[in-house]
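Below, each chain spelled out in residue letters.
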Amino acid sequence: MVSGYLIYKAIIVVIVFLVGLGIAAYSTYAERKVAAFLQDRLGPNKAGPYGLLQPIADGVKMFMKEEIIPDVSNKFLFILGPSIAMLTACMTGAVIPWSTPLVINGVSYPLQITDINIGILYVFGVVSIGVYGIMIGGWASNNKFSLLGALRASAQMISYEIAMGLSIIALVMLTGTISLQEIAAQQSGWHWNVFYQPLGFIIFITCAFAECNRTPFDLPECETELVGGYHTEYSSMKLGFYLFAEYINMFISAAIISTLYFGGYNMPLIGRFVTDPNILSILGLVFFFGKIFFFIFFFMWIRWTVPRFRYDQLMHLGWRIFIPLSILNIVLTGLGILVFNK
Amino acid sequence: MTLYIFYFLSFLAVLSAFMVVYSKNPVHSVLYLIVTFFSIAGHYILLNAQFLAAVHIIVYAGAIMVLFLYVIMMFNLNKEAEPHKDAYIKLAATIAGGIFMIVLIGSLKGVEHIENLNTPNQSAGLIKNLGNVLYRDYMLPFEMASILFLSAMVGAVFLGKNELK
Amino acid sequence: MLTNRSKVVVNKKMSFWERIYLPAIAGGLLITIKHFFRKKTTIDYPKEVREYSQIYRGQHVLKVDENGAERCVACGLCAVACPAEAISMTAAERAPGEENKYREEKYAAIYEINMLRCIYCGLCEDACPKEAIFLTDILVPVSATRDDMIYGKDKLTEKHFNEVPIKKRQTEEVAAFKAETKNKDLRHNVLGKSDSF
């Protein structure tokens, strides 16, 4: 039984890992396609039908490129940087509840790697150490632009983590739990948290943009000012890891946003038509991935719409607007709980 | 199994703590300190205090150490920029460190008399029990501490105001 | 004020809705999503080719006559007309037995156009009295070396029975003019014809 359990967990870990990598790979393709479509272009369409093999071509290109390690940089830390970025990006998927459990022969198989009771905090902790990948890499490059990118990344992360944490606190006050599985289960029907926490949602999604270093908050790597930011000196697959980690982060952020605010695997009204728990579970998985894909698209949509912030504007937004707003949100949520006794 | 993990984590914690002091490059010191924090977070998990472990990583490894690293990178502190310390200061530091070590050894001397080192309640570190303790038994100090933090945060936001006269 | 479109800048205080930026961002998102579904302006180039202009000027061709003999007589007028000085040639006299190769007694032994210098103005074509050189809608391919870009007769001369169409280059007016002057002797330096000598 124990070994069966371990095998089952190993299988689900491998599946989540591979799906995450696959979605991240195709996010690079989707990003280029979406960017092209939003700008009246066609985008990559030469590799395979509709350019669908483009991620593979990119991956091969990344592997084949010459690997350059600057002579004066610290070699160990230089390699450690992208490794940490990739590791932390892949670690977050462990607590996301992908769907309701599958029941086969009376045995319940939860579609989640682990339901630890500190789910949100785990995500938060992993995200907060993710910045080390950028900082260490930027510092070890021994390049002024890289260092500036690393500094920007750290200051930005710290600033937006506070607002993000405070907006989550309001959510936790409402749900009464920090296990992602329970939060997702609570939002069945129309009880999506976004309807109860609209302000918190806006703060959270903006901070998620900042934490993922996505435009309009991509100051650590803004090519117009810093050449390539923290990855100026990187080449070959180490650069690929940084870029890839960003897309995995985007996928995980989309998953977390849909779990926390958009009901996770829940879909309103679906319970009226389907009653079999296994079919419901599969459908939940489909809905969840639909939501995730929408948010990945939303990330890209924002990227090609909103221009980059200036650095002082970024800090102004983080410290003087979002932190007071999220404290206000906590107070409002407390009042709401008091009045409606939810 | 748990015992071996404990020994491994303890070894890692002590070794990296030693390396914090030993390494000449301040950035390396900070990185070793982060390793120390992680191994301590591992100890928390061994004690079944997941909440403490997570908060420990978020606050120390995720925030404070990032700020440390930020400052060190910002001022570009490295071997060449390190101010020269003369022999008296080194001697004084050695004596002070030695005395501190004696104090530590002295305080650990009576450790075999402490019985029942294991926490009686294995789930004491879980978030529900921790919340109950904090919000029931230690309500007042906890709220006072949180108001202190809130005022610190308001102060930080206020300092960011550029029209400050 | 030349146009009425210029706007006077006013530093008015933004209203609350303007200050929270979210409506502006939503408006921006609306604009970009409209473009998402719009017809794309890019074409899938090698598969689809945009329509060329009727008088597109591309690579040159040296025409042959209906028997496959080269029309060029190496008079050098094209080289003189060329503003970029891209054309150079060496003339040679036709040997007996070469009548099917060269139409007239003199021909160009070497005829070279430097495609890097050429500005595709088409003046060579206007200058040519023998209708030997024309610009076509063939694209000049890129090359890795400068030497490859100097096109000799091997690349320029068209093959007999495989003529490069230049109909498009001849607009109705040009064709009419050429038809009208076909049988006229346009040579002005023939002894006895000109009154200047």
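Residues numbered from 1 in each chain as written. Chains lettered and ligands numbered in written order. Predicted model: local features only at pLDDT ≥ 70, side-chain atom pairs only at ≥ 80, totals over all residues. Heavy atoms only, no water.

1. A few points about the overall build of chain B
Heads up, the rule is: Going along the chain from the N terminus, every DSSP run of H or I of four or more residues is numbered as a helix, and every run of E of two or more is numbered as a strand. Buried, partly exposed and exposed residues are distinguished by accessible area as a fraction of the type maximum, computed with a 1.4 Å probe on protein chains only: under 20%, between the cut-offs, and over 50%, respectively. Pairs of residues are marked as contacts when any of their non-hydrogen atoms sit within 4.5 Å.
A count of helical and extended segments in chain B gives six helices and zero strands. Taken from the N to the C terminus, the helices and strands of chain B come in the order α-α-α-α-α-α. When burial is assessed residue by residue, chain B has 21% of its 165 residues classed as buried. Contacts spanning at least 24 positions in sequence make up 54% of the contacts within chain B whose residues lie at least 6 apart.

2. Overview of the overall build of chain A
Worth spelling out the cut-off: Only C-alpha atoms enter the radius of gyration; for comparison, a globular chain is expected to reach 2.2 Å times N to the power 0.38, where N is the number of residues. Note on areas: Shrake-Rupley, 1.4 Å probe, and residue coverage restricted to the protein chains presented here.
For chain A, the count of helices and strands is 13 helices and two strands. For a compact globule of 342 residues, the expected C-alpha radius of gyration is about 20 Å, and chain A comes in at 21 Å, within 12% of that figure. For the C-alpha atoms alone, the extent of chain A along its principal axes is close to 60 × 45 × 45 Å. Taking all 342 residues of chain A together, 56% fall into the buried category. Across chain A, every contact between residues at least 6 apart in sequence was considered, and the portion connecting residues at least 24 apart equals 79%. Surface summary for chain A: the accessible area is close to 14,600 Å², and the carbon and sulfur share equals 72%.

3. Side note on the interface of chain C and chain A
Interfaces are frequently sized by the accessible area removed from exposure as the parts join. Put simply, the rule is: Computed with a 1.4 Å rolling probe, the buried area is the accessible surface lost when two parts are put together, summed over both parts. Counted as salt bridges are all cases of a side-chain nitrogen of Lys or Arg within 4 Å of a carboxyl oxygen of Asp or Glu. Polar contacts, as used here, are pairs of N or O atoms within 3.5 Å; protein pairs need one atom able to donate a hydrogen and one able to accept it. Residues neighboring in sequence count only if both atoms are side-chain atoms. In the scheme used here, Gly and all other residues not listed as nonpolar or charged are polar, with Ala, Val, Leu, Ile, Met, Phe, Trp, Tyr, Cys and Pro taken as nonpolar and Asp, Glu, Lys and Arg as charged.
Each partner contributes residues to the interface: chain C has 15 residues there, and chain A has 16 residues. Overall, the association of chain C and chain A removes approximately 1,400 Å² of surface from exposure, summing both partners, and the carbon and sulfur fraction of that is 70%. If you sort the residues of chain C by the area they bury against chain A, C:Leu29, C:Phe36 and C:Lys40 come out on top, with a joint share of 38%. At the boundary of chain C and chain A, one finds one salt bridge. When the shortest N-O distance is used, the salt bridge between C:Asp44 and A:Lys46 registers 2.9 Å. Here chain C is connected to chain A by nine residue pairs in polar contact (both at pLDDT 80 or more). In terms of residue class, the side of chain C that touches chain A is made up of seven nonpolar, five polar and three charged.

4. A word on the interface of chain A and chain B
Contacts between the two partners involve 28 residues from chain A, matched on the other side by 32 residues from chain B. In this assembly, chain A packs against chain B so that about 2,500 Å² is buried in total across both faces, 79% of it on carbon and sulfur atoms. It is A:Tyr132, A:Trp139 and A:Arg320 in chain A that bury the most area against chain B; as a group they hold 25% of the surface buried on that side. Put simply, chain A and chain B have zero salt bridges between them. Seen at the junction of chain A and chain B, the total is two residue pairs in polar contact (both at pLDDT 80 or more). By residue number, the principal contributor to the side of chain A that touches chain B is helix 4 (residues 119-140) of chain A, which donates ten residues. Class assignment for the residues of the side of chain A that touches chain B results in 21 nonpolar, five polar and two charged.

5. Things to note about the sheet that holds strand 2 (residues 87-93) of chain C
Residue and element names in this part refer to chain C. Convention followed: Two strands form a pair only when DSSP identifies at least two bridges running between them.
The antiparallel open sheet is built from three strands, whose spatial order is 2-3-5. Looking at which strands have only one partner, the edges of the open sheet turn out to be strand 2 and strand 5 (150-151). With two bridges joining them, strand 3 (residues 106-114) and strand 5 adopt antiparallel strand pairing. Across the sheet, Ile 113 pairs through a bridge with Tyr 151, a residue of strand 5.

6. Quick notes on empty space enclosed by the protein
Let me state the cut-off plainly: Residues are said to line a cavity or pocket when one of their atoms sits within 4 Å of a point; the points come from a 1 Å grid over protein atoms alone, cavities being sets where a 1.4 Å probe fits but cannot get out and pockets being open sets with protein on both sides within 12 Å along at least five of seven lines. Grid points are joined across faces, edges and corners, and a volume is the space filled by probe spheres set on the points.
Applying the stated criterion across every chain yields a total of three cavities of 30 Å³ or more. Taken as a whole, the largest cavity encloses approximately 430 Å³ of empty space. Forming the boundary of the largest cavity are 29 residues, of which A:Val127, A:Glu211, A:Cys212, A:Asn249 and A:Ser253 lie nearest the centre. Element by element, the count of residues in the lining of the largest cavity is highest for helix 10 (residues 236-261) of chain A, at eight residues. For the lining of the largest cavity, a count of residues per class yields 20 nonpolar, six polar and three charged. Estimated volume of the second largest cavity: approximately 90 Å³. Around the second largest cavity sit 15 residues that line it, and C:Cys72, C:Cys75, C:Cys78, C:Cys128 and C:Ala132 are the ones nearest its centre. Classifying every residue of the lining of the second largest cavity by side-chain character gives 13 nonpolar, one polar and one charged.

7. A short note on the pairing of strand 2 (residues 107-111) of chain A
All names here are of chain A. When strand 1 (residues 99-104) meets strand 2, the two strands line up antiparallel, connected through four bridges. Looking across to strand 2, one finds that Leu 102 is bridged to Tyr 109. Counting the residues between successive antiparallel strands, the hairpin from strand 1 to strand 2 contains two residues, one of them, Asn 105, with a positive phi of roughly 55 degrees.

8. Concerning the domain arrangement of chain B
Residues and elements named next belong to chain B. Under the convention used in this document: Throughout, the edges of the domains are those of an automatic or database domain assignment.
Domain boundaries in chain B define domain 1 (1-80) and domain 2 (122-165). Across the boundary between the two partners, domain 1 contributes five residues, which contact five residues of domain 2. At the boundary of domain 1 with domain 2, total buried surface from both sides reaches about 460 Å², with 65% on carbon and sulfur atoms.

9. Quick look at the packing of aromatic side chains
Residue and element names in this part refer to chain A. Quick note on the threshold: In this analysis, rings of Phe, Tyr and Trp, with Trp reduced to its six-membered ring, are considered paired at centre separations within 6.5 Å, and the interplanar angle assigns stacked below 30 degrees, edge-to-face beyond 60, and tilted for intermediate values.
Evaluation of the coordinates by the stated rule reveals 34 aromatic pairs over all chains. Judged by centre distance (6.4 Å) and plane angle (45 degrees), the rings of Phe 209 and Phe 298 are tilted. You can see Phe 209 sitting in helix 8 (residues 198-211) and its partner Phe 298 sitting in helix 12 (residues 277-303), a full 89 residues away along the chain. With a centroid separation of 5.1 Å and 10 degrees between ring planes, the pair formed by Phe 217 and Phe 309 is classed as stacked. With a gap of 92 residues between them, Phe 217 in the loop between helix 8 and helix 9 (223-226) and Phe 309 in the loop between helix 12 and helix 13 (311-340) connect regions that are remote in the sequence.

10. Examining the side chain of C:Lys153
All names here are of chain C. Within the secondary structure, Lys 153 sits in helix 5 (residues 153-156). Within the local environment of Lys 153, its side chain forms a polar contact with the side chain of Glu 70, the two groups lying 3.0 Å apart. Once you skip the residues sitting within four places of it in the chain, Lys 153 turns out to touch Leu 62, Glu 70, Tyr 102, Tyr 107, Ala 108, Ala 109 and Tyr 111.

11. Details of the confidence of the model for chain B
As a reminder, the rule being used: For every residue, the pLDDT score states the predictor's confidence, bounded by 0 at the bottom and 100 at the top.
A residue-level look at chain B finds 81% of positions with pLDDT of 70 or above and a mean pLDDT of 80. Interface predicted TM-score (ipTM) for the complex: 0.79; the corresponding pTM is 0.77.

12. Quick word on a nonpolar patch on the surface
We apply this condition: The patch calculation keeps residues exceeding 30% relative accessible area without a salt bridge and links them within 9 Å when they carry like charges or within 5 Å when they are nonpolar (Val, Leu, Ile, Met, Phe, Trp, Tyr).
On the surface, A:Tyr26, A:Tyr50, A:Leu52, A:Leu53, A:Ile56, A:Val60, A:Phe63 and A:Met64 cluster together into a nonpolar patch covering about 880 Å² of accessible area. The greatest single-element share of the nonpolar patch, amounting to four residues, is contributed by helix 2 (residues 54-64) of chain A.

13. Observations concerning the layout of surface pockets
Of the pockets and cavities examined, the largest pocket occupies roughly 2,600 Å³. Forming the boundary of the largest pocket are 50 residues, of which A:Leu166, A:Ile169, B:Phe51, B:Val55 and B:Phe142 lie nearest the centre. Put simply, the parts of the chain that give the lining of the largest pocket at least two residues each are helix 4, helix 5 (144-175) and helix 13 of chain A together with helix 3 (50-75), helix 5 (127-137) and helix 6 (139-159) of chain B. Here the residues of the lining of the largest pocket are counted per class, giving 38 nonpolar, eight polar and four charged. Each of domain 1 (1-80) and domain 2 (122-165) of chain B contributes no fewer than three residues to the lining of the largest pocket.

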